[in-house]
Amino acid sequence: MKNNKRLKSFIELTILVLLVFSSIYLIEKIPAFDFPKAESTLAKIVTFTGIFIMAFLMLGLHELGHLLTGLAQGFRFAIFVVGPLGVKQEDEKIKWYLNTNLGHYGGIAATTPVNNDPANAKKFARVIIAGPLTSLLGGIILLYLSTLLETPWNTVIFSGGLVSLALFLATTIPSKTGTFFTDRKRYQRLTRPGKAQQVELATLRIMGQYAQDNSYQNVDTADINILLEDEEPFMQYFGWFNKLYQQLEQGTEPSSEDWDSFRKTGELLSKSMVTAMEKELEKARK
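Residues numbered from 1 in each chain as written. Predicted model: local features only at pLDDT ≥ 70, side-chain atom pairs only at ≥ 80, totals over all residues. Heavy atoms only, no water.

Participant: Could you give me a rundown of the packing of aromatic side chains, with the residues and numbers involved?
Facilitator: Taken as a whole and judged by the stated rule, the model has ten aromatic pairs. Here the aromatic cluster, defined as three or more aromatic residues joined through ring pairs, consists of Phe-180, Tyr-210, Tyr-216, Phe-234, Phe-238, Phe-241 and Tyr-245. If you follow Lys-88 out to its NZ or CZ, it ends over the ring of Tyr-97, 4.9 Å from the centre. Its end group placed over the ring of Phe-181, Lys-176 keeps NZ or CZ at 5.3 Å from the ring centre. (Phe/Tyr/Trp six-rings, centres within 6.5 Å; stacked < 30°, edge-to-face > 60°. Lys NZ or Arg CZ within 6 Å of the ring centre and 35° of its normal.)

Right, here's the structure in full:
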């Protein structure tokens, strides 16, 4: 499993590199993008560095679309990660940290409901779709700007537009990236009636109720069971986490069978996520 995760991170970085070099190729071959070229070795190094920085900025733009829309909906900030930079809320404080998890270099942004409002589903759907739409708009703007300006930086601007459009396609065409649903698929799960929507709504109700009470006291066990019965590993894992946390909070030690199910499901997910969840359960036990 660890090898699969490393392979996924390697593939993501390889795709990023291919996007950079494909943008350079297009600049060389398409007359409309016949930009002034960097002549000196130093200028070329600066251009290549700028392209990689721009690629990460476009990842940040995508995640920023999610984040700002969530905050505008009244959701609570949870985490924002792009490349080596991470910001998270921990113990009611905002903390900056150096991200060393390659799996998170592609970007993460999360906001959570602050109450169990029935309108959270529509709000969260807007948060989900905001990322791809931001990437689409950003890509179009940057590609257009690259045809207007006449500087060596056009190459960097053009590559940013290309990466942004690629992010739009990557988060809308496939249904999954690894264990998780893409933004487009998650949006469909939230907005189309059916079992998948019920799972998404149960997740939001649990998150909203816990945020409202800072406790699992009023979390409906029926919602937890909906997650446990789902076929997706992450949803099952989140269900087991909530079930164990609720029991620990009530002073009841979960059965060894429940602990085993929780850990077995966690084997299918990233180590960093599992570690974070286990730390939360340790806090509940104390």
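So, next bit.
Participant: Before we move on, can you summarise helix 6 (residues 195-213) with the specific residues and values?
Facilitator: Its 19 residues place the ends of helix 6 27 Å apart at the C-alpha level, agreeing with the 27 Å of an ideal helix rising 1.5 Å per residue. Of all the positions in helix 6, only Gln-197, Val-199, Glu-200, Leu-201, Ala-202, Thr-203, Leu-204, Ile-206, Gly-208, Gln-209 and Ala-211 are classed as buried. Of the surrounding secondary structure, the elements contacted by the buried residues of helix 6 are strand 1 (76-82), helix 3 (120-148), helix 5 (183-191), helix 7 (221-228) and helix 8 (233-249). Backbone geometry just after helix 6 places Asn-214 at a positive phi near 55 degrees. (Helix = DSSP H or I, 4+ residues; strand = E, 2+ residues; numbered from the N terminus. Expected span 1.5 Å × (residues − 1). Buried < 20%, exposed > 50% of the residue type's maximum accessible area, 1.4 Å probe, protein only. Contact = heavy atoms within 4.5 Å.)

Participant: So what about the nonpolar core? Which residues, and what values?
Facilitator: Counting 23 residues, the largest nonpolar core has Leu-227, Phe-241, Phe-262 and Leu-281 as its most contacted members. Only helix 6, helix 7, helix 8, helix 9 (256-266) and helix 10 (271-285) provide two or more residues apiece to this core. Element by element, the count of residues in this core is highest for helix 8, at eight residues. Discounting residues that sit within four places of it in the chain, Phe-241 has contacts with Tyr-216, Phe-262, Met-277, Glu-280 and Leu-281. (Core = buried A, V, L, I, M, F, W, Y, C linked by side-chain atoms within 4.5 Å.)

Participant: How would you summarise helix 7 if you had to cite specific residues and measurements?
Facilitator: Those residues of helix 7 that sit buried are Asp-223, Ile-224, Leu-227 and Leu-228. Burial along helix 7 is one-sided: seen end-on, the buried residues are contained in an arc of 145 degrees. Contacts from the buried residues of helix 7 go to helix 6 and helix 8. A side-chain oxygen of the first residue of helix 7 lies 2.9 Å from the backbone nitrogen of Ala-222; this N-cap is Asp-220. (Arc of directions from axis to C-beta. Polar contact = N/O pair within 3.5 Å; in protein donor to acceptor, adjacent residues only side chain to side chain.)

Participant: Tell me about the environment of Thr-134, and please be specific about residues and values.
Facilitator: Tracing the backbone through its elements, the reader meets Thr-134 in helix 3. In this structure the C-alpha to C-alpha distance between Thr-134 and Leu-64, which are 70 residues apart in sequence, comes to 8.4 Å. In this structure, Thr-134 is in contact with Leu-61 and Gly-65, ignoring residues within four places of it in sequence.

Participant: So what's going on with the side chain of Ser-215? Residues and values would help.
Facilitator: On the secondary structure map, Ser-215 appears in the loop between helix 6 and helix 7. Within the local environment of Ser-215, its side chain forms a polar contact with the backbone nitrogen of Gln-217, the two atoms lying 3.0 Å apart. Aside from chain neighbours lying at most four places away, what touches Ser-215 is Gln-209, Tyr-210 and Glu-249.

Participant: Can you break down the sheet that holds strand 1 residue by residue, with the values?
Facilitator: Taken together, the four strands give an open sheet; going across it, the order is 3-2-1-4, and neighbouring strands pair in antiparallel fashion. Since the sheet does not close on itself, it has two edges, and those belong to strand 3 (93-98) and strand 4 (108-112), each with one partner. The sheet shows a mean angle of 15 degrees between the axes of neighbouring strands, direction not considered. (Pairing = 2+ DSSP bridges. Axes fitted to C-alpha atoms, helices over the stretch in contact; angles between N-to-C directions.)

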